[in-house]
Amino acid sequence: MTPVKIFHSRPRDEIVERIECLMIEQQLKPGDRLPGERELCEAWNCNRMTFRAAVKRLIAEGRLVNVPSVGNFVAPTRLERYLQDLTSFSDFVMLQGRKIQNRLVSQGLLPAAARIAEKLQVKEGSDIFQLVRLRVVDDTPVSLESAVLPCQRFPGIHRYNFERLSLYGVLERKYGVVFCSGEEEISLTYADSNEAELLGVQEGEALFYLKGITWDEQHSPIELIKSVSRVDQIRFAGILQ
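Not measured: the values here are computed from a predicted model.

Participant: So what exactly am I meant to see when it comes to the pairing of strand β1 (residues 64-67) here?
Facilitator: Examined bridge by bridge, β1 and strand β2 (residues 71-74) share 4 bridges and lie antiparallel to one another. Opposite L64, over in β2, you have V74 as the bridge partner.

Participant: How should I be thinking about the nonpolar core in this particular structure?
Facilitator: A general trend in soluble globular proteins is that nonpolar side chains are found buried together. Judged by nonpolar contacts, the single largest core of 17 residues is most densely connected at I15, I19, M23, L34, W44, F51 and L64. Counting residues per element, this core draws most heavily on helix α1 (residues 11-25), which supplies 5 residues. When neighbours within four sequence positions are excluded, W44 is seen to be in contact with I15, R18, I19, L22 and F51. Core analysis: the second largest hydrophobic core is formed by 16 residues, L131, F154, V170 and I222 among them.

Participant: Got a minute to help me understand the packing of α1 against helix α3 (residues 48-60) in this structure?
Facilitator: Pairs of packed helices are described in terms of their axes, by the angle between the two and the distance that separates them. Interhelical geometry of α1 versus α3 gives an angle of 65 degrees and a closest axis separation of 8 Å. The two elements α1 and α3 cross, and the hand of that crossing is right-handed. Residues P11, R12, D13, I15, V16, I19 and E20 of α1 touch α3, and the partners they reach there are T50, F51, A53, A54, V55, R57 and L58. Its residues assigned to classes, the contact of α1 with α3 comprises 9 nonpolar, 1 polar and 4 charged.

Participant: So what exactly am I meant to see when it comes to the side chain of S146 here?
Facilitator: Inspection of the secondary structure puts S146 in strand β6 (residues 140-150). Here S146 falls in the buried class, since its relative accessible area comes to 18%. Excluding residues within four positions of it along the chain, S146 makes contact with Q130, L131, V132, L224, I225 and K226.

Participant: I would appreciate a short explanation of the environment of A147 in the present structure.
Facilitator: Within the secondary structure, A147 sits in strand β6. A relative accessible area of 6% places A147 in the buried class. For the pair A147 and R57, spaced 90 residues apart in sequence, the C-alpha to C-alpha distance is 33 Å. Discounting residues that sit within four places of it in the chain, A147 has contacts with F129, Q130, L131, L167, E223, L224 and I225.

Participant: I would appreciate a short explanation of the pattern of salt bridges in the present structure.
Facilitator: Any two side chains of opposite charge can pair if their charged atoms end up close together. Tallied over the entire structure, the rule returns 10 salt bridges. Among the ionic pairs, R48 bridges to E37, the shortest N-O distance being 3.5 Å. With R48 in helix α3 and E37 in helix α2 (residues 37-44), the pair connects residues that are 11 residues apart, well separated along the chain. Here the residues in one salt-bridge network are R12, D13 and R57, joined through shared partners.

Participant: Whenever I open this one, the packing of aromatic side chains confuses me. Can you help?
Facilitator: Ring pairs (aromatic) are described by centroid distance and by the angle formed between their planes. If you walk through the whole model with that rule in mind, you get 4 aromatic pairs. Ring geometry for F129 and F162: centres 5.9 Å apart, planes at 45 degrees, overall tilted. With a gap of 33 residues between them, F129 in strand β5 (residues 127-137) and F162 in the loop between β6 and α6 (167-175) connect regions that are remote in the sequence. Like F129, the residue F162 is buried in the burial classification. When the centroid spacing of 6.1 Å and the interplanar angle of 45 degrees are considered together, the rings of Y160 and F162 count as tilted. Three or more aromatic residues joined by ring pairs form one cluster here, namely F129, Y160 and F162.

About the criteria used
Numbers given to residues run from 1 along each chain, matching the order in which its sequence is written. With pLDDT at 70 or above as the cut-off, local features in this predicted model cover only qualifying residues; side-chain atom pairs require 80 or more to be listed or tallied, and sums for whole chains, interfaces and linings still use all residues. Only heavy atoms go into the side-chain values, all of them from the structure, while hydrogens and water stay out. Two strands qualify as a pair provided that DSSP identifies no fewer than 2 bridges between them. What counts as a helix is a DSSP run of H or I of at least four residues, what counts as a strand is a run of E of at least two, and both are numbered from the N terminus. Only buried Ala, Val, Leu, Ile, Met, Phe, Trp, Tyr and Cys residues count toward a nonpolar core, and they belong to the same one when joined by side-chain atoms within 4.5 Å. A 1.4 Å probe rolled over the protein chains alone gives each residue an accessible area, and that area as a share of the maximum for its type sets the label: buried under 20%, exposed over 50%, partly exposed in between. It only takes one pair of heavy atoms within 4.5 Å for two residues to be counted as in contact. The convention used is that axes are lines fitted to C-alpha atoms, helices contributing only their stretch in contact, and that angles between N-to-C directions extend from 0 to 180 degrees. Each crossing is labelled by how the near helix is turned from the far one, with a counterclockwise turn of less than a right angle marking it left-handed and a clockwise turn marking it right-handed. Polar here means any residue outside two lists: the nonpolar Ala, Val, Leu, Ile, Met, Phe, Trp, Tyr, Cys and Pro, and the charged Asp, Glu, Lys and Arg; Gly therefore counts as polar. Every case where a carboxyl oxygen of Asp or Glu lies within 4 Å of a side-chain nitrogen of Lys or Arg is listed as a salt bridge. Any two of the Phe, Tyr and Trp rings considered here, Trp counted by its six-membered ring, make a pair once their centres fall within 6.5 Å; the pair's planes then place it as stacked at under 30 degrees, edge-to-face at over 60, or tilted in between.

Structure, rendered in structure tokens:
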């Protein structure tokens, strides 16, 4: 008879479960502080290294945040965005009752490289408009986004101030665009020095990397999009149909 293997939870995983149970039992809300590290280590008979490893995992999952010299707190609820959603990021955030601010990083005209020209169905070297913005939700940097659009379809678009205006709003109202469909790919990347500074994370920290394209009703390309987002502030989901 083959012996049955018994798998034991790692000490860190057991402490993760205890912290999660504590949050449920005490009905802790976003912003509430957990009891102190010493108190919990004594109550659960665990060493501080194990406790800190458990906390680090919950921080990586977006469940906790740590304030140095103060303690561990229940993290704010992460934004949850569906990949099939064609609404603008600003509208998506405001519909969840959150405050958004767009900080302009750069905008201007560039000559279209061959690959971009092919995707936007324009001639190589023709003018394209590139817009790079930092999305700040409830005063926390969440996402660094880049959009590239063909100038021949949207003449004069570079004259708008997109720190104040919604890109999708301008496209819909001024150029009559109707967003119909899109294609997106999501993966992980790691923050370079510029991304780390803008997003308020450590260089080399994991980020969601999203790239894609949107089309109108005639399946003509509207924009190419790229973004890097903090994994502790947003999560992406899909709907199976």
